[in-house]
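# Tertiary structure, described
One letter stands for each residue in the lines below.
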Amino acid sequence: MPPMLSPEEQAEKTAEIENFIYGDSGIIKQVDDELVKKGYEFQTMVMANSVDDVHVKYVLNNKDATESEQEKVKSIFFETVKKNNLDSNAFKLKVGDINDGPDW
């Protein structure tokens, strides 16, 4: 069991994760911007336990999540991760479409 964090430590950890993901140079913001440039309309779901354990799901709104489309999105995502010198093993990525339901 992980050690208990004080409320201050928890808030600090949460802020670190949020900035890492959503900040101006956050990984999700960068990927989202790139996907928008390439014509994707989507929803992004993120579940982050820490900066080393981030689950991301893209739900495509304007395309079917064919194997080809999934590979394109995954490629953009992991190229961005690499560009930021991040560990790709920290991310679990799933790509679905509106027929896919909310599962992870």
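Attention here is on the structure that accompanies the text. As the structure is a computational prediction, the values presented were derived from the model and not from experiment.

A separate point is unusual backbone geometry. Phi is positive for Asn 85, close to 55 degrees, though the residue is something other than glycine. Looking at the secondary structure, you find Asn 85 in the loop between helix H3 (67-83) and strand E3 (91-97).

Looking now at the pairing of E3. Counting buried residues along E3, 5 of its 7 residues qualify, which places the element largely inside the surrounding structure. Two strands pair when backbone bridges link them, and strand E2 (residues 53-60) and E3 are joined in this way by 7 bridges, in the parallel orientation. Pairing of Val 59 across the sheet is with Gly 96, part of E3. A crossover links E2 with its parallel partner E3, the connecting element being H3, and its sense is right-handed.

This structure, assessed with the given rule, holds 5 aromatic pairs. Centroid distance Phe 42 to Tyr 58: 5.5 Å. Interplanar angle 75 degrees. Geometry classified as edge-to-face. A residue pair is termed long-range when its members are at least 10 positions apart, and Phe 42 in strand E1 (residues 42-50) and Tyr 58 in strand E2 qualify at 16 residues. With respect to burial, Phe 42 and Tyr 58 carry one shared label: buried. An angle of 80 degrees between the planes, with centres 5.1 Å apart, marks the rings of Phe 77 and Phe 78 as edge-to-face. Residue classification places Phe 77 among the buried positions, given a relative accessible area of 0%. A connected cluster of aromatic rings, assembled from ring pairs, spans Phe 20, Phe 42, Tyr 58, Phe 77, Phe 78 and Phe 91. A cation over an aromatic ring shows up here: Lys 63 above the ring of Tyr 40, its NZ or CZ 5.1 Å from the ring centre.

Each value, and the rule that gives it
Residues numbered from 1 in each chain as written. Predicted model: local features only at pLDDT ≥ 70, side-chain atom pairs only at ≥ 80, totals over all residues. Heavy atoms only, no water. Helix = DSSP H or I, 4+ residues; strand = E, 2+ residues; numbered from the N terminus. Buried < 20%, exposed > 50% of the residue type's maximum accessible area, 1.4 Å probe, protein only. Pairing = 2+ DSSP bridges. Right-handed = clockwise from strand over helix to strand, strands pointing away. Phe/Tyr/Trp six-rings, centres within 6.5 Å; stacked < 30°, edge-to-face > 60°. Lys NZ or Arg CZ within 6 Å of the ring centre and 35° of its normal.

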